[in-house]
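The lines below spell out each chain.
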Amino acid sequence: PVLVALLRGIPLVTRTGPTIRNLSIYDKTSNVVFRRVLNVFVSLNYKCSKRLVVVTDTIRNYVLTNYNVAQEKVNIICNGFSTATFHILDELPDDRYETQVFFAGSFHRDTGVDDLVEALLIYAHQNPEPQTHVLAGDGPLRAALMERVAQENLRSKILFPGRIDQKEINCF
């Protein structure tokens, strides 16, 4: 993208999230040369970008700290959603308030899912009414977060169905 943008005179806007360190190919390789070359390309891409769009404060701070990008170039735009997949039903079912929080994503620190779980634990303890919170996805934090919820005896309120198919998302 950098080369095309430079040759064509097109301003480059780069979106990142999760950060490059969470990509499995980057985490699993022991090839130091590959890691360095990949890091050079990522760094060049970030530096040549007119704007860099990230999805969380954590990723923004990581990029600012590790890639020496100018602070004013980095914008946070939270992930949106596809209206083709997520749509408002014409008639809401009677149990429409049962699922109060739905998260679908990667269980890495960069996504903030660990902070979400802590907030849900506080909310669940302070609000005894029936509630269900669904955290769908997978990643290195999933087991620890499930254990944290179990320690608080809230497994019936905070559910971890694992990775779900895109077609199944509306079922939650």
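Look a little higher up for the structure.
Structural notes, computed from the coordinates. (Residues numbered from 1 in each chain as written. Predicted model: local features only at pLDDT ≥ 70, side-chain atom pairs only at ≥ 80, totals over all residues. Heavy atoms only, no water.)

1. Topic: the pattern of salt bridges
Then step 1. Evaluation of the coordinates by the stated rule reveals 2 salt bridges.
Then step 2. Between Glu-118 and Arg-148 there is a salt bridge, with its nearest N and O atoms 2.8 Å apart. One end of the pair, Glu-118, is in helix H5 (residues 113-126); the other, Arg-148, is in helix H6 (residues 142-151), with 30 residues separating them in the sequence.
Then step 3. Take Arg-148: its relative accessible area is 25%, and that puts it in the partly exposed class.
Then step 4. In this structure, Arg-148 engages Glu-152 in a salt bridge whose closest nitrogen and oxygen atoms are separated by 2.7 Å.
Then step 5. Residues joined in a network through salt bridges with shared partners are Glu-118, Arg-148 and Glu-152. (Salt bridge = Lys/Arg side-chain N within 4 Å of Asp/Glu carboxyl O. Helix = DSSP H or I, 4+ residues; strand = E, 2+ residues; numbered from the N terminus. Buried < 20%, exposed > 50% of the residue type's maximum accessible area, 1.4 Å probe, protein only.)

2. A closer look at the sheet that holds strand E2 (residues 51-54)
Then step 1. One open sheet accounts for 3 strands, arranged E1-E2-E3; its pairing is parallel. Edge positions in the open sheet fall to strand E1 (13-16) and strand E3 (74-76), since each of these has one partner strand only. Taking each pair of neighbouring strands and ignoring which way they run, the sheet shows an average axis angle of 25°.
Then step 2. In this sheet, E3 lies alongside E2 in parallel orientation, the contact comprising 3 bridges. (Pairing = 2+ DSSP bridges. Axes fitted to C-alpha atoms, helices over the stretch in contact; angles between N-to-C directions.)

3. Considerations on the side chain of Arg-142
Then step 1. Mapped onto the secondary structure, Arg-142 falls in helix H6.
Then step 2. Here Arg-142 is buried and forms no salt bridge, its nearest opposite-charge partner Asp-138 lying at an N-O distance of 4.3 Å.
Then step 3. Those residues in contact with Arg-142 that sit more than four places away from it in its chain are Phe-107, Gly-137, Phe-160, Pro-161 and Gly-162. (Lys, Arg positive; Asp, Glu negative; His and termini not counted. Contact = heavy atoms within 4.5 Å.)

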